[in-house]
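Listed below, chain by chain, are the residues.
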Amino acid sequence: MQITSFEDYKKQYQKSVEQPELFWSEIAQHFTWHKPWEKVVEWDFKIPAVKWFIKAALNITENCIDRHLKDNANKTAFIFEPNNPNEDAQKITYAQLSEQVNKLANALKKMGIKKNDKVCIYLPMIPDAIYAMLACARIGAIHTVVFGGFSAKSLTDRINDCECKLVITSDGSYRGSKTIPMKDTVDEALQYCKSVAHVLVTKRTGQSINMLNSRDIYWDTIVPQQSNTCAPEYVDSEHPLFILYTSGSTGKPKGVVHTTGGYMVYTAYTFLNVFQFKHSNIFWCTADIGWVTGHSYVVYAPLLNAATSVVFEGTPAYPNPSRFWQIIDKHNVSHFYTAPTAIRSLMSSGLDYITPYKLNSIQVLGSVGEPINEEAWHWYNKHVGKERCPIVDTWWQTETGGIMISPIAAITPTKPGYATLPLPGIQPILVDEKGNELYGSNIEGNLCIKFPWPGMIRTTYGDHERCRTTYFATYANLYFTGDGCKRDKDNYYRITGRVDDVINVSGHRIGTAELESAINTHPSIVESAVVAFPHDIKGQGIYAYCVVLESNRQKYEQITKEILKTITKEIGPIAKPDKIQLVTNLPKTRSGKIMRRILRKIAEGEISNLGDTSTLLDPLIVNEIIAGRK
Ligand code: PRX
């Protein structure tokens, strides 16, 4: 399964295009299937309908855990590094993982959870979060993990959208110097959720919380008592493994559905190849399990490869910006996978925080979530990789399940800022606005994929039509990524960023429509328009233009504070705008369409080059907005 040279990569790539069924079936044979597939793939992007490893049956946890117990029972699966550096790290072997997952799976059953039921996981980055995901998969329940930074309102929306029966949470969580009241947020969210019968609460901070007698159950009163064995529930290859909500350019976040067999094969394969993972390596992906990177490269892919990986509860700058480097030295991390925003923020803290650390265990560095600017790439290369480690700039999305375009570590020659070449099985094409394929090199267009891959999105939960219109209707017979992309003279791909109304803040997607509707709930706001602007640390910052009621125009301080509060309540603190400008109107065409192009330019500070403003209903508004620019 592992690519051994650049020549081999090219050979594998060609095979994957010419004989995709043979290519993927050979890879899939490395896994444990309860029942083999009858056909490798069936697909029709028009509907869309995509199926992989048809009629096969399996349980992904058997592949993540049980099959490793013969040879690797005592191998460390996870090294848990707590938020507080003075608290001991904890090593969890595959045997212990098995025990914990099986016990929890039995506890879930006891609480009435069955195959197909949805379970919401709202937990910090602690081992229990991983046990929770795997315990769901063990019994065929479908997990939906909600990032701990989302508000009660966001949690309510997600729980209701997929009608979760159970929520698994903790009393509180530690993040840097803060203690966050997770259970209180769940209590608030559940006031509006009818489907939830129980809340399973693990103790992390020991803070006092309310427990509702008939609904809430402490983990330690039900899980440890259960049996160590729970027979895996075999599910169809296309049985949903999880639902993960992500923002788009319109409406509320949608639940991206990933299924079992294809996701397993794809994430495991990409991990093994992109990182050139070897059995003795120590892998560390810094993503939170609330995002797809955490699902695929903290939980599933490393376990599928019997890896040892670090799970870190805290943040990069607590207690100081040496924390990442200290952890790398402490645990001899060989593969380090993080986001450009973290690199930029640590870069801005100065070299004093990194130079005392040896970092000589590092072999491969990875980047994910947003374009990595050249300055950050060089800093990462020089100061973390000591100019001896390949950097894999991995492009992919929540919808793709796993890495799509990326160098293969130490095999693909890299270029700063380039995700380089597609992995075997991935057929990217660039198209113009009309969907015509752009051939050759040195071109720029919209990035689409023309053939299915096993880890791809199957539907958006409860609304298949939305999946079709978002990803498969823009261009006929193509999956549209929403990203712009360049292909250079070496046929290397460079992702240039979103071409839709999605903002990528610190590697997290935030839809402008979602932000605007949150802002518009404020009683003094008539209307708003949100755009992105370049931000030194976050990659993109959020700039909100808010039309405010005339009577309130003088109350800038108060209203901006309230807007920030509103967004924190409606979405969560991660979506807070960096800049808020109160305006009397927005630049609109005569037909009432907001000219975002102009607002984007003003936010970027490119005011000398606004283009044609003569078609605006009120061209003078542009001067007012420029004058009040933040
Ligand atoms: O715009 C691309 C950007 O992040 C988007 C996907 O966001 P999300 O679904 O939250 O998943 C993030 C982690 C996989 C993409 O549409 N993106 C992701 N990785 C890169 C990237 N942009 C440039 N280079 C990357 N390596």
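Residues numbered from 1 in each chain as written. Predicted model: local features only at pLDDT ≥ 70, side-chain atom pairs only at ≥ 80, totals over all residues. Heavy atoms only, no water.

Structural notes on the overall build of the chain
At step 1: Assigned secondary structure in the chain consists of 18 helices and 31 strands.
At step 2: A compact globule built from 630 residues should have a C-alpha radius of gyration of about 25 Å, and the chain, at 24 Å, falls within 12% of that.
At step 3: Seen through its principal axes, the chain has C-alpha atoms that stretch 75 × 60 × 55 Å.
At step 4: Within the chain, the fraction of its 630 residues that count as buried is 60%.
At step 5: Within the chain, contacts between residues at least 6 apart in sequence are counted, and of these 71% link residues at least 24 apart.
At step 6: Just so you have it, the chain exposes about 24000 Å², and 49% of that area is on carbon and sulfur atoms.
At step 7: Here the chain contributes 68 positive and 64 negative side-chain charges, whose respective centroids are spaced 1 Å apart. (Helix = DSSP H or I, 4+ residues; strand = E, 2+ residues; numbered from the N terminus. Rg over C-alpha atoms; globule rule 2.2 N^0.38 Å. Buried < 20%, exposed > 50% of the residue type's maximum accessible area, 1.4 Å probe, protein only. Contact = heavy atoms within 4.5 Å. Areas by Shrake-Rupley, 256 points an atom, 1.4 Å probe, with all protein chains shown as cover. Lys, Arg positive; Asp, Glu negative; His and termini not counted. Charge placed at Lys NZ, Arg CZ, Asp CG, Glu CD.)

A few points about the side chain of Asp-288
At step 1: Its location among the elements puts Asp-288 in the loop between strand E16 (282-285) and helix H10 (292-304).
At step 2: Notably, Asp-288 is buried but unbridged: the nearest opposite-charge side chain belongs to Arg-175, and the N-O separation is 4.4 Å.
At step 3: Other than its neighbours up to four places away in sequence, Asp-288 contacts Met-125, Phe-147, Arg-175 and Gly-294. (Salt bridge = Lys/Arg side-chain N within 4 Å of Asp/Glu carboxyl O.)

Overview of the pattern of salt bridges
At step 1: Applying the stated criterion to the full structure yields 33 salt bridges.
At step 2: A salt bridge links Lys-15 to Glu-26, with the shortest nitrogen-to-oxygen separation between them at 2.5 Å. With Lys-15 in helix H1 (residues 6-18) and Glu-26 in helix H2 (residues 20-28), this pair connects stretches of sequence that are 11 residues apart.
At step 3: Among the charged side chains, a salt-bridge network with shared partners connects Lys-153, Asp-157, Lys-252, Lys-569 and Glu-570.

Quick word on the site of the ligand
At step 1: In the vicinity of the ligand there are 16 residues, among which Asp-393, Thr-398, Asp-483, Arg-498 and Arg-509 approach most closely.
At step 2: Here an oxygen atom of the ligand and a side-chain polar atom of Asp-483 are 2.6 Å apart.
At step 3: Note that an oxygen atom of the ligand is positioned 2.8 Å from one of the side-chain N or O atoms of Arg-498.
At step 4: Among the elements of the structure, strand E20 (391-394) and strand E26 (493-498) are those that each provide at least two residues to the shell around the ligand.
At step 5: Residue classes in the shell around the ligand are distributed as five nonpolar, six polar and five charged. (Near = heavy atom within 4 Å. Polar contact = N/O pair within 3.5 Å; in protein donor to acceptor, adjacent residues only side chain to side chain. Nonpolar A, V, L, I, M, F, W, Y, C, P; charged D, E, K, R; others polar.)

Regarding the domain arrangement of the chain
Interfaces are frequently sized by the accessible area removed from exposure as the parts join.
At step 1: Looking at the assigned domains, one finds that the chain contains domain 1 (1-59 + 260-453 + 468-499) and domain 2 (502-627).
At step 2: Centre-to-centre, using C-alpha coordinates, domain 1 lies 33 Å away from domain 2.
At step 3: Of the residues lining the interface, 11 residues belong to domain 1; the matching set on domain 2 comes to 11 residues.
At step 4: The contact between domain 1 and domain 2 buries some 940 Å² in all, and 52% of this surface belongs to carbon and sulfur atoms.
At step 5: The largest share of the area that domain 1 buries against domain 2 comes from Trp-291, Arg-344 and Arg-498, three residues that together contribute 51% of it.
At step 6: Between domain 1 and domain 2 we count one salt bridge in total. (Domains from an automatic or database assignment. Buried area = accessible area lost by both parts, 1.4 Å probe.)

Quick word on the pairing of strand E30 (residues 539-548)
At step 1: Counting buried positions along E30 gives eight out of 10 residues, so the element sits mostly inside the fold.
At step 2: Pairing between E30 and strand E31 (residues 579-583): five bridges, direction parallel. Paired with Val-547 across the two strands is Val-583, which belongs to E31.
At step 3: Taken together, E30, helix H16 (residues 556-570) and E31 constitute a β-α-β crossover, and its handedness is right-handed. (Pairing = 2+ DSSP bridges. Right-handed = clockwise from strand over helix to strand, strands pointing away.)

Brief notes about the sheet that holds strand E18 (residues 335-338)
At step 1: Strand order in this open sheet of seven strands is E5-E4-E17-E16-E18-E19-E20, and the pairing throughout is mixed. Each edge of the open sheet is held by one strand with a lone partner, namely strand E5 (90-93) and E20. Taken pair by pair, the neighbouring strands of this sheet meet at an average axis angle of 20°, ignoring direction.
At step 2: When strand E4 (residues 76-81) meets E5, the two strands line up antiparallel, connected through four bridges. Within the sheet, the bridge partner assigned to Phe-78 lies in E5 and is Ile-92. (Axes fitted to C-alpha atoms, helices over the stretch in contact; angles between N-to-C directions.)

Re the pairing of E18
At step 1: Here E18 shows two buried faces, one formed by His-335 and Tyr-337 and the other by Phe-336 and Thr-338.
At step 2: Sheet topology places E16 next to E18; three bridges connect them, and they run parallel. When the bridges of E18 are listed, Cys-285 appears paired with Tyr-337.
At step 3: With helix H12 (residues 340-348) bridging E18 and the parallel strand E19 (residues 364-368), this β-α-β connection has right-handed handedness.

Quick notes on the nonpolar core
At step 1: Counting residues in hydrophobic clusters, the biggest one holds 120 residues, and the most contacted among them are Leu-97 and Tyr-300.
At step 2: It is helix H6 (residues 127-138) that provides the largest number of residues to this core, a total of nine residues.
At step 3: Apart from residues no more than four positions distant in its own chain, Leu-97 is found in contact with Ile-65, Ala-77, Phe-78, Ile-92, Tyr-131, Leu-134 and Leu-303.
At step 4: If you look at the next biggest cluster of nonpolar residues, it comprises 45 residues, including Ala-152, Val-196, Val-199 and Ile-503. (Core = buried A, V, L, I, M, F, W, Y, C linked by side-chain atoms within 4.5 Å.)

Considerations on the sheet that holds strand E25 (residues 479-487)
At step 1: Strand order in the open sheet formed by five strands is E22-E21-E23-E25-E26, with antiparallel pairing between adjacent strands. Because the sheet does not close on itself, it has two edges, and the strands there are strand E22 (437-438) and E26.
At step 2: Bridge analysis of E25 against E26 gives five bridges, and the strand direction is antiparallel. Its bridge partner being in E26, Lys-486 is matched across the sheet by Arg-494.

Concerning the packing of aromatic side chains
At step 1: Per the counting criterion, the structure on display carries 43 aromatic pairs.
At step 2: Between Trp-325 and Trp-379 the ring centres are 6.2 Å apart and the planes differ by 50°, which places this aromatic pair in the tilted class. Within this pair, whereas Trp-325 is found in helix H11 (residues 323-331), its partner Trp-379 is found in helix H13 (residues 374-384), the two being separated by 54 residues in sequence.
At step 3: The class of Trp-379 is buried, set by a relative accessible area of 10%.
At step 4: Ring centres of Tyr-475 and Phe-480 lie 5.2 Å apart, and the angle between their planes is 85°; this geometry places the pair in the edge-to-face category.
At step 5: Residue classification places Tyr-475 among the buried residues on the basis of a relative accessible area of 4%.
At step 6: The rings of Phe-23, Trp-24, Trp-33, Trp-37, Trp-52, Phe-53, Tyr-266 and Tyr-269 are connected pair by pair, giving a single aromatic cluster.
At step 7: A cation over an aromatic ring shows up here: Arg-158 above the ring of Phe-150, its NZ or CZ 4.3 Å from the ring centre. (Phe/Tyr/Trp six-rings, centres within 6.5 Å; stacked < 30°, edge-to-face > 60°. Lys NZ or Arg CZ within 6 Å of the ring centre and 35° of its normal.)

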